[in-house]
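A look at the structure
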2 protein chains.
Amino acid sequence: MNNKQVFDFQEGNAGMKTLLGGKGAHLAEMTRAGLPVPPGFTISTEACLSYFKADNRMSDELQSEIVAALHRLETLKGQKFGNPADPLLVSVRSGSVTSMPGMMDTILNLGLNDETVEGLAAKTNNARFAYDCYRRLLQMFGNVVLDIGGHHFEKIVHRLKQEEGVSQDQDLTPDALLRLIADFKHCIQLQAGRPFPQDVREQLTLAVEAVFQSWNNSRAKIYRKINRIPDDQGTAVNIQSMVFGNRGQDCGTGVVFTRNPSTGATELFGEYLINAQGEDVVAGTRTPQPVASLSDEMPAVFEQLVRLAKQLEQHYRDMQDIEFTVEQGRLYILQTRNGKRNAQAAVTIAANLVKEGTIAKEDALQRIEVSHLDKLLHRGIDESVATEVFAIGLPASPGAAVGQVAFDADVAMEWSQAGKKVILARPETTPEDIQGVLVSEGIITSRGGMTSHAAVVARGMGKPCVCGCETIKIDEEQRQMSVGSRLVQEGDWITIDGASGRVIIGEVPLREAEITEELSELLEWADSIRKLKVRANADNPHDASVAKQFGAEGIGLCRTEHMFFSAERLPVVQRMILADDIEERHQALEQLLPMQQADFEAMLTNMDGHPVNIRLLDPPLHEFLPKEKELRKKLDDLDRAGGDNESEKKAVLSLIRKVQALEEVNPMLGQRGCRLGIVYPEIYDMQIEAIFRAASRCIDKGTKVTLEIMVPLVGHVNELAMLRERIDTIGERILGREILERGIYQVGTMIEVPRAALTAAQIAPIADFFSFGTNDLTQMTFGYSRDDAEGKFLSHYVDQKILPHNPFQVLDTEGVGLLIEWATTSGRSIKPNLKTGICGEHGGDKDSIFFCHRTGLDYVSCSPFRLPMARIAAAQAAIAYGYEKTMKSSLPIS
Amino acid sequence: MNNKQVFDFQEGNAGMKTLLGGKGAHLAEMTRAGLPVPPGFTISTEACLSYFKADNRMSDELQSEIVAALHRLETLKGQKFGNPADPLLVSVRSGSVTSMPGMMDTILNLGLNDETVEGLAAKTNNARFAYDCYRRLLQMFGNVVLDIGGHHFEKIVHRLKQEEGVSQDQDLTPDALLRLIADFKHCIQLQAGRPFPQDVREQLTLAVEAVFQSWNNSRAKIYRKINRIPDDQGTAVNIQSMVFGNRGQDCGTGVVFTRNPSTGATELFGEYLINAQGEDVVAGTRTPQPVASLSDEMPAVFEQLVRLAKQLEQHYRDMQDIEFTVEQGRLYILQTRNGKRNAQAAVTIAANLVKEGTIAKEDALQRIEVSHLDKLLHRGIDESVATEVFAIGLPASPGAAVGQVAFDADVAMEWSQAGKKVILARPETTPEDIQGVLVSEGIITSRGGMTSHAAVVARGMGKPCVCGCETIKIDEEQRQMSVGSRLVQEGDWITIDGASGRVIIGEVPLREAEITEELSELLEWADSIRKLKVRANADNPHDASVAKQFGAEGIGLCRTEHMFFSAERLPVVQRMILADDIEERHQALEQLLPMQQADFEAMLTNMDGHPVNIRLLDPPLHEFLPKEKELRKKLDDLDRAGGDNESEKKAVLSLIRKVQALEEVNPMLGQRGCRLGIVYPEIYDMQIEAIFRAASRCIDKGTKVTLEIMVPLVGHVNELAMLRERIDTIGERILGREILERGIYQVGTMIEVPRAALTAAQIAPIADFFSFGTNDLTQMTFGYSRDDAEGKFLSHYVDQKILPHNPFQVLDTEGVGLLIEWATTSGRSIKPNLKTGICGEHGGDKDSIFFCHRTGLDYVSCSPFRLPMARIAAAQAAIAYGYEKTMKSSLPIS
């Protein structure tokens, strides 16, 4: 490698983040802007990567570049590194491209040793200060570079303070500090098996290597994995001349945010300590002062700080998180970066920055991390309250809920009627638990994945749900559940958080969901920019109303089968399925028809002319029936009960035989979707009739109707052709040709079987729209059963980096995406006005929405609560790809 | 339509089959060749299709063309249609492009009515003949055109013969025949509600329409569906002037094949009747004479027939099926067509025609219907013996077997040891039945599809198997099985035919499989022509030997898991799976290693340098374990038994828990294939070690080794990358770098997950070969679980023509094929020498082999018994697509 690897702060700028890391780039930018930054230099991320490539060895070139930079720094400061007369002291800090915890922390005062410490004492005429600096170096170096547990040093300090009879470090005398230094050196020799290096160059080399190596410590690795940060960025190292906040009462150090990071309010927010060095503020041994009090203690410094904070915010056009130090009344800025903030503050700050004219609307939108919005849009746990996590399961349906635990649907209903709040806990749920789910605040199951019955139903109802909590043993007979030796009795209060999968013992206070004024503004801006339409998946009239409030421009998916699960309908659905002959089935279907019709009518009314996409029945029929295992248990119970129950037993046995006949080896790939509609035409006929009757009633009432009828699981054009003909025939019969010619309905298909995507050019001529069902399309394209994969190999695959992400959360653009592109392109080559959209769970994921925008789809459809995210992500995509933006150019520093 | 719709025989030729139908084209060709064909004309298939399009109405143009053709015919024959003085009589026959049963049969003597019959009697001076002709016309017309059941006419004839006291039709007097005519006319009026048309033009129109309509009768439709004949061909109608084989003792009619259609022997084969008309030969009321006796009865006619037969065979360059009539000593050829023949005859005739110089080798190969070869290559039922079919199930593994039925594996083993032949009948089989399967002649199951355990195991062992015989109720307690009221007791003799799915009561004689000398010759010719290599799927050394005998050029797929099912191994495999810790698992794996090594060594030895492709473990582990249901039953039994069996019960309970933990919702899409190898590396490590140890031993013995290690179910390149690294590492450890550098092994992947095909360009760099696993690829591309689909909606889909074929039998070139083409093209764009093959069951299907040839794959791999078919189909593909053929040009008629 022949590239330059070390850069003085004067040489860099904010644009060199990849090479200098975030911190280094900001220090350089601030230096160039004339801010009071102590001089120093940055070792580049490339140097770090070369170090790894060379099996963790620093090259000779790098070493000499560091020496040269050090020389320049010595010249600038008029001090010499390791010179006892006037020693140059430096700090060493990591600085990766993306800010991340887990990396090596700061080492201060590097350059002190047994000789130079005396020089510092003499030069500052402050022995206590010099010894304090030295013992801090020993402690940090021992801990961070030589990997000695912090408690070893803390024990020594604690003992010494006891001996000295003082409670604060700063009350230790110079003599006591000298003893502390000796004890620390002894401790280092003992724990690290080597002495503290007196050679200051060796100190520096070891510290730089420690920074490099901290890139690969396990905490950093995990953080990167969770936050999808690539492993091959490496970290830079910043070496900066020291300034001292701990030289006396006219010194100090602090951290300040230019705006409130919790609320977003426009106010300086932060804290500082007099006579202290950096880590004291966060260490918690002394209580820092709010930054406002600095205006009393050091008015000139405060005034300068306020001015600089404003300047920095204007320069970086975002809220800043600034570290500062005051040495003998003089203010230094050690670091600035875009401040971390919570979801609410992010929204407020972005909106305010636009209103203040600092950034454009597009900038504000791009700064919103859409995945964080989830927290704003559901009730959440008040995280400031200490909690005891009982178990963690799959985060199956977001939102938090508090209630008394009930172990079956009957108890849940009884308690609910008595006005209690209930959390239903079941090993897994079946359609027979539906009434219990309906009355509960939230659901826990100990078995089942993200697409288990409980998860699907809970998401459909918008109820919090934690699934597959496998550590929990539910004992239905003893009416209790346990994790190890910890017991929860029926009736105990618990709290669940469906966004994180946590189950917590006790009543935890909740935080309400809210769409603030600022969020509303951002959403309006997003709507004016985005190209993708945004629809919602809604299975009932209530969800459709919610969706409209959240900005849905239509219903992208109405899963009619979810209307089958309610208490009064399920028995009719079961009768329909179990019918011995077509006559009996028709009778049951005739009962269902008015129910479905009423639902559809209400949905169409609620959406008032916006498109409503209704999917015909999709799941296999056995999903509506009790499980064989349960029936066998019932039979056993009848056996044990004895007495005259032969006819009852016969009925159960006959039911078992029917359940067996419908049983499938791989239900995911079995008799479902349009395969049902073709083999049992009477079921789809009823649904189609209900849809058109509902449309007819709406039209009579003067409601505008835009209807899309979606045929699920098409794999061959003939399936759609046959069903489209039936739909058109029934439509004409009910509405008459005249109304139909107004074009009030379209017929299309869910593209969720790979073959449908591959043969899209054959399907397009008879489809008005393609709706990509990316859940099933992902399952079939990967050959993954989500129910099986997520609990088993899939987490292993993501952990081992065999897959970059869980493809059910982030759309796989290379495989599944290729099918979507192919289907869209070849479909439109036949029918240019083919409407295309996506209605899987990916419709609410940012990366996936970006993909949909790039691919030129017409809309995305997601759950109502993800609509705000989708609207903003769609705008971000429009801005990122070829959108004609009017973003303001970078403001000059004022 | 302005095209000419009616063609005189002189106008057509053999190349106009699509327009004139097979019969019409041949009549024209013969006419042009100067053969003694009674003159006539053909109404084209286009006329038929126009008739359908016009809602079954004949156009005016067509009617006038018919009239014009009739005039020309009258002129040629010097007779007039409907003229009582010298009436022209004609026959009307259907003639579709592809010969098929179910179409309307011949109507003879059309043109007779109450007047013309008297003219005919006068002209021929033979009233008996004339009345006989008329009553035949009435009968055929009534039956075929007016759709009156044949029994109505037969009853009348029968009654008349009783009254007359005669036994043969020909013994009826003219008076009796006149009465018969009256009765027939009465019968027609009664049954059809209309009189027999005296207008001869109306006769003709009705007969032509009846032919058209017979294209859409149900028998014809079913035949077309089974034989994949398109519905939109339509049929032609041939109208030919009558000659009479029933005018006296110097008349007769017969059918002759130019070679023996059963054996292929080069001899005139057929039969005739003196003084009879066409349908008498096949009607069975009189026993026809073998054609050889014609040399005594009519030596001159016989001599002419022999000469014409030879001429026709030379002209058409194939064995001919000729209908002839002798009228007053003069021979007429009424029809000739390529004769139907059985599989053995087809092979013999094709080979002989080459040797006689009539056709080229390529012609011979193209004439073999490869799907018929199946019958030659397995034992089959002697179809000449009358049988009583008990039930029909899925044809899961071809071949026929006879034995005494046993209802469990223990009985099967006991009887087998006692020297009995056994057919094992089970509701379904599990790995625990393996020993029973091993000792049985064949297997029946009442549940499970073409990929059920029984089917897979039986095909692997080459044993006949009929699966999913759902009509059979097996009663294990009563030791009997039944279909309705018909019972088979344990120990009863039954016969099964795994090629057709038949289960037959009793011992049916079997026909042995044989590769005749002629078939060997054809196979050699095929080998010299085909471009595709042909390999076999073989799971054990024995199958590898069989495969080599059948011409395998390598093993395309060795499913290592099939080696796990044998009696002494399964317990070890189960111990490995159920191991409580890694230590215990390693112990079991160490036991398995030498077993697998020995298998691989024997396979490599048997294949002697030909490539051997070994696939690492593929199925989910639960496939090797007993089912939960069985274990629960065991537990119940222990419960009932009572006594001190607590520890035994505990063991079963613990096993149940482990089985439950491995249970999957969709096992097809679950933890299997390389997902197993990645999550449990120790299993693949053992297999890889066994493979390389076997290779090492072979190399030491001087055996040439060409090894391919195949990683199943890859969906992402990283899976293959990780496993390839392990394979290479273990290979180097065992064989050493030096041997490896000779390139004795390759690593590749099965492309069976759609995503693997889509991302082939990413996978190709680290794969030496792609082997398309079209079974799973079809399942995932269609979203069909074969186990569920075949028993349920798939047959409905094929019946309803939603799908053209069952995609598990015939490769879906539009969807699955697109993935194969994409993967091949994009893989080779990265790695031009990428080896590609197909190893699903499609490897033995003709259309699929044609597709593989077109796509440019390197090889197909199929089960050993399908190799001869594959070799011939591959040659047919090479001939059909761009092969530089040296086929002789059409021979001139001699």
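Each residue is numbered by its place in its chain's sequence as written, counting from 1. Ligands are numbered from 1 and chains lettered from A, in the order in which they are written. pLDDT decides what is reported in this predicted model: residues at 70 or higher carry local features, side-chain atom pairs at 80 or more are listed and counted, and totals for whole chains, interfaces and linings draw on all residues regardless. Working from all heavy atoms in the structure, the side-chain values ignore hydrogens and water.

Turning next to the overall build of chain A. Within chain A one finds 35 helices and 31 strands. Across chain A, contacts joining residues at least 24 apart in sequence account for 69% of those joining residues at least 6 apart. Surface accessibility follows the Shrake-Rupley procedure with a 1.4 Å probe radius. Residue values consider only the protein chains on display as shielding. Looking at chain A as shown, the accessible area adds up to about 35,400 Å², and 49% of this sits on carbon and sulfur atoms. By the counting scheme adopted, Arg and Lys are positive, Glu and Asp are negative, and His together with the chain ends is not counted. A charge is said to be at NZ when it belongs to Lys, at CZ for Arg, at CG for Asp and at CD for Glu. Side chains of chain A carry 96 positive and 122 negative charges; the gap between the two charge centres is 3 Å. Strands are runs of DSSP state E lasting at least two residues, helices are runs of H or I lasting at least four, and both sets are numbered from the N terminus onward. Throughout, a residue-residue contact means that at least one pair of heavy atoms, one from each residue, lies within 4.5 Å.

So, about the nonpolar core. Side-chain atoms within 4.5 Å are what join buried Ala, Val, Leu, Ile, Met, Phe, Trp, Tyr and Cys residues into a set we call a nonpolar core. Residue burial is assigned from relative accessible area. The probe radius is 1.4 Å, only protein chains are included, and a residue is buried under 20% of its type maximum, exposed over 50%, and partly exposed in between. With 308 residues, the main nonpolar core has A:Leu373, A:Leu707, B:Leu373 and B:Leu707 as its most contacted residues. Counting 67 residues, the second largest nonpolar core, distinct from the first, contains A:Ile43, A:Ala47, A:Leu120 and A:Leu160.

To line up the copies, we fit them by least squares on C-alpha atoms, keeping just the residues with pLDDT of at least 70 in both. The two copies are related by a screw motion: chain B maps onto chain A through a turn of 179 degrees and a shift of 0.2 Å along the axis, at an RMSD of 0.2 Å. This pairing of chains is accounted for by a two-fold axis. No C-alpha of chain B lies nearer the rotation axis than that of B:Asn666, which sits 2.1 Å from it. Comparing interface residues between copies, 100% of those in chain B also lie at the interface in chain A; the contact surface is shared.

We define a salt bridge as a side-chain nitrogen of Lys or Arg found within 4 Å of a carboxyl oxygen belonging to Asp or Glu. All told, the structure shown has 114 salt bridges over all chains when counted by the stated rule. One salt bridge in this structure joins A:Asp114 and A:Lys185, with 2.7 Å as the shortest N-O distance. One end of the pair, A:Asp114, is in the loop between strand S4 (107-110) and helix H4 (116-124); the other, A:Lys185, is in helix H7 (residues 174-192), with 71 residues separating them in the sequence. The class of A:Asp114 is partly exposed, set by a relative accessible area of 34%. B:Lys355 serves as the salt-bridge partner of B:Glu521, at 3.0 Å between the closest nitrogen and oxygen.

Moving on, we get to helix H26 (residues 681-701) of chain B. Here the expected span of a helix is defined as 1.5 Å times the quantity of residues minus one. Taking 1.5 Å as the rise per residue, H26(B) with 21 residues should run 30 Å; its terminal C-alpha atoms sit 30 Å apart, in good agreement. Following H26(B) by one or two positions, B:Gly702 has its phi on the positive side, about 90 degrees.

Attention shifts here to the packing of aromatic side chains. Here the aromatic set is Phe, Tyr and Trp, taking the six-membered ring for Trp, and pairing holds for ring centres within 6.5 Å; pairs whose planes are under 30 degrees apart are stacked, those over 60 apart are edge-to-face, and all others are tilted. Scanning the entire structure with this criterion turns up 30 aromatic pairs over all chains. Taken together, a centroid distance of 5.1 Å and an interplanar angle of 70 degrees make the contact between A:Tyr784 and A:Phe793 edge-to-face. We note that A:Tyr784, like A:Phe793, is buried. Among the aromatic residues, ring-to-ring pairing joins A:Phe782, A:Tyr784, A:Phe793 and A:Tyr797 into one connected group. A ring is scored as having a charge over it whenever the NZ atom of a lysine or the CZ atom of an arginine sits within 6 Å of its centre and within 35 degrees of its normal. Lying across the ring of B:Phe7, B:Lys4 places its NZ or CZ 5.2 Å from the centre.

Moving on to the UniProt feature "active site" (unreviewed entry) in chain A. All names here are of chain A. Mapped onto the present numbering, the UniProt feature "active site" (unreviewed entry) falls on His453 and Cys839. Looking at where His453 falls in the secondary structure, it is placed in helix H18 (residues 453-461). Structurally, Cys839 is set in the loop between strand S30 (835-838) and helix H34 (846-855). UniProt positions are given in the numbering used here, feature names are shortened, and annotations may be inferred rather than shown by experiment.

Before going further, it helps to examine the pairing of strand S16 (residues 442-445) of chain B. On any regular strand, side chains alternate: one points to one face of the sheet, the next to the other face. Residue and element names in this part refer to chain B. Of the two faces of S16, the one carrying Gly442 and Ile444 and the one carrying Ile443 and Thr445 are both buried. In the sheet, S16 pairs with strand S17 (residues 465-467) via two bridges, with the strands oriented parallel. When the bridges of S17 are listed, Ile444 appears paired with Val466. Strands were regarded as paired on the criterion that DSSP finds at least two bridges between them.

Glancing now at the sheet that holds strand S19 (residues 480-483) of chain B. Residues and elements named next belong to chain B. Pairing within the open sheet is antiparallel, and its three strands lie in the order S18-S19-S20. On the outer flanks of this sheet lie strand S18 (473-475) and strand S20 (486-489), each paired with one strand and no other. Between one strand axis and the next, the sheet turns by 20 degrees as a mean value, whatever way the strands run. Inspection of the sheet shows S18 paired to S19 by three bridges, in the antiparallel sense. Along S19, the bridge assignment pairs Lys473 with Ser482. Angles shown run from 0 to 180 degrees and are taken between the N-to-C directions of axes, each axis being a line fitted to C-alpha atoms and, for helices, limited to the stretch in contact.

Here the focus is the interface of chain B and chain A. Contacts between chain B and chain A engage 51 residues on the former and 51 residues on the latter. Buried area, as used here, totals the accessible surface that two parts lose on assembly, with accessibility defined by a 1.4 Å probe and the loss added over both. In total, chain B and chain A occlude about 4,500 Å² of area from one another, counting both sides; carbon and sulfur atoms represent 57% of this. Sorting the residues of chain B by area buried against chain A places B:Leu669, B:Arg755 and B:Ile802 first, and these three jointly supply 14% of that buried surface. The shortest N-O distance in the salt bridge between B:Asp812 and A:Arg755 comes to 2.7 Å. N or O atoms within 3.5 Å of each other form a polar contact, as long as, within protein, one can give a hydrogen and the other can take it, and as long as residues adjacent in sequence are counted only when both atoms are side-chain atoms. The tally of links from chain B across to chain A stands at 36 residue pairs in polar contact (both at pLDDT 80 or more). With four residues, the top contributor of residues to the side of chain B that touches chain A is helix H25 (residues 674-679) of chain B. Three categories are distinguished: nonpolar for Ala, Val, Leu, Ile, Met, Phe, Trp, Tyr, Cys and Pro, charged for Asp, Glu, Lys and Arg, and polar for the others, with Gly belonging to the last. In terms of residue class, the side of chain B that touches chain A is made up of 24 nonpolar, 14 polar and 13 charged.

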